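Examining the three-dimensional arrangement
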Amino acid sequence: MRTLTIEPLTKEAFAPFGDVIETDGSDHFMINNGSTMRFHKLAAVETATPEDKAIISIFRADAQDMPLTVSMLERHPLGSQAFIPLLGNPFLIVVAPLGDEPVSGLVRAFVTNGRQGINYHRGVWHHPVLTIEKRDDFLVVDRSGTGNNCDEHFFKEDERLILAPHQ
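Reference entry: report on the structure contained in this document. (Residues numbered from 1 in each chain as written. Predicted model: local features only at pLDDT ≥ 70, side-chain atom pairs only at ≥ 80, totals over all residues. Heavy atoms only, no water.)

1. Topic: the overall build of the chain
To be explicit about the condition: Put simply, DSSP marks the helices as runs of H or I at least four residues long and the strands as runs of E at least two long, and each gets a number from the N terminus on. The reference for a compact globule is 2.2 Å times residues^0.38; the radius of gyration itself is calculated from the C-alpha atoms. Between buried and exposed lies partly exposed: a residue is buried under 20% and exposed over 50% of the maximum accessible area for its type, with that area taken using a 1.4 Å probe on protein chains only. Where accessible areas are quoted, they stem from the Shrake-Rupley method and a 1.4 Å probe; at the residue level, only the protein chains shown are allowed to cover. For the purpose of charge, His is not counted, nor are the chain termini; Lys and Arg are scored as positive and Asp and Glu as negative. Here the site of a charge means NZ on Lys, CZ on Arg, CG on Asp, or CD on Glu.
The secondary structure content of the chain amounts to 1 helix and 17 strands. What you see for the chain is a C-alpha radius of gyration of 16 Å, in line with the 15 Å of a compact globule of 167 residues. Each principal axis of the C-alpha atoms in the chain carries an extent, and together these give about 60 × 40 × 30 Å. Taken over 167 residues, the chain has a buried fraction of 40%. Approximately 9300 Å² of the chain is accessible, and the part contributed by carbon and sulfur atoms is 50%. The positive charge centre, built from 15 side chains, and the negative charge centre, built from 23, are 3 Å apart in the chain.

Structural data, given as structure tokens:
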């Protein structure tokens, strides 16, 4: 099994998969009589139909045992999905490019700096949320509406990957 190299999360490296939600290097303007900086439109919520709704949730995630065998990825074909850490902790991201199914050899892994969120573009293959801390909270912005919005792909045994952040 191939061990994934964990890359620092940057806007440029993550662009094929979605948006990095961060203030560092982002355009802003002043509002509220000059007392507030607005970092405007850091990501767009994508939905498939006009009837869909953008919703805001909180996910409380428990850490998984590491090293982790990455045996599956999921995608949301009808909407984007954003994760913003609420407690300031770094978290891991495992993604694969758009396609009918993920290609094991193209899977990449990233780690945030704890102040970055991410927005998976519609249809991007990704692992479910991967917290580094024992338990962590995330603000999640995604789509609500009719239709199946979660496809799962399970890798064949020889396509599985290893995620080992402590090596």
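Back to the text.
2. Concerning the nonpolar core
Heads up, the rule is: Here, the term nonpolar core denotes a set of buried Ala, Val, Leu, Ile, Met, Phe, Trp, Tyr and Cys residues that are joined through side-chain atoms within 4.5 Å. Any two residues having at least one pair of non-hydrogen atoms within 4.5 Å are treated as being in contact.
Formed by 16 residues in total, the largest nonpolar core has its most connected members in F14, I93, F110, I118 and Y120. At the level of elements, α1 (11-14), β10 (91-96), β12 (117-120) and β15 (135-144) are the ones that each hand at least two residues to this core. Sort the elements by how many residues they give to this core and β10 lands first, with 3 residues. When sequence neighbours within four positions are dropped, the list of residues in contact with I93 reads L9, F14, R108, A109, F110, T112, I118 and Y120. Counting residues in hydrophobic clusters, the runner-up holds 14 residues, among them A96, V107, W125 and F155.

3. Observations regarding the sheet that holds strand β3 (residues 18-21)
To keep things clear, this is the line we draw: Two strands make a pair as long as DSSP finds a minimum of two bridges between them. Note on geometry: axes are C-alpha line fits, over the in-contact stretch for helices, and angles between N-to-C directions span 0 to 180 degrees.
Pairing in this open sheet of 5 strands is antiparallel, and the strands run β3-β12-β9-β15-β6 from one edge to the other. Bordering the open sheet on either side are β3 and β6 (53-62), each of which pairs with just one other strand. Pairs of neighbouring strands in the sheet enclose a mean axial angle of 20 degrees, with direction left out of account. With 3 bridges joining them, strand β9 (residues 81-85) and β12 adopt antiparallel strand pairing.

4. Quick word on the pattern of salt bridges
Put simply, the test is: Any carboxyl oxygen of Asp or Glu within 4 Å of a side-chain nitrogen of Lys or Arg constitutes a salt bridge here.
This model, assessed by the stated rule, comprises 6 salt bridges. Linking R115 and D24 is a salt bridge whose minimum nitrogen-to-oxygen distance equals 3.8 Å. Of the two residues, R115 is situated in the loop between β11 (108-111) and β12 and D24 in the loop between β3 and β4 (29-31); the sequence distance between them amounts to 91 residues. Residue classification places R115 among the exposed positions, given a relative accessible area of 60%. Here D24 falls in the partly exposed class, since its relative accessible area comes to 44%.

5. What to know about unusual backbone geometry
Here M66 and P67 are connected by a cis peptide whose omega angle stands at 0 degrees. By the secondary structure assignment, P67 is in the loop between β6 and β7 (68-70). Positive phi, close to 50 degrees, is recorded for K41, a residue that is not glycine. Along the chain, the position of K41 falls in the loop between β5 (36-38) and β6.

6. What to know about the sheet that holds strand β17 (residues 161-163)
Taken together, the 3 strands give an open sheet; going across it, the order is β1-β17-β7, and neighbouring strands pair in mixed fashion. This sheet does not close on itself; its edge strands, each paired only once, are β1 (2-3) and β7. In this sheet, β17 lies alongside β7 in antiparallel orientation, the contact comprising 3 bridges. When the bridges of β17 are listed, L68 appears paired with L163.

7. Quick look at the pairing of β12
Burial along β12 is two-sided: G117 and N119 facing one way and I118 and Y120 facing the other are all buried. Pairing of β3 with β12, which is carried by 4 bridges, proceeds in the antiparallel orientation. Within β12, the position partnered with G18 by the bridge is Y120.

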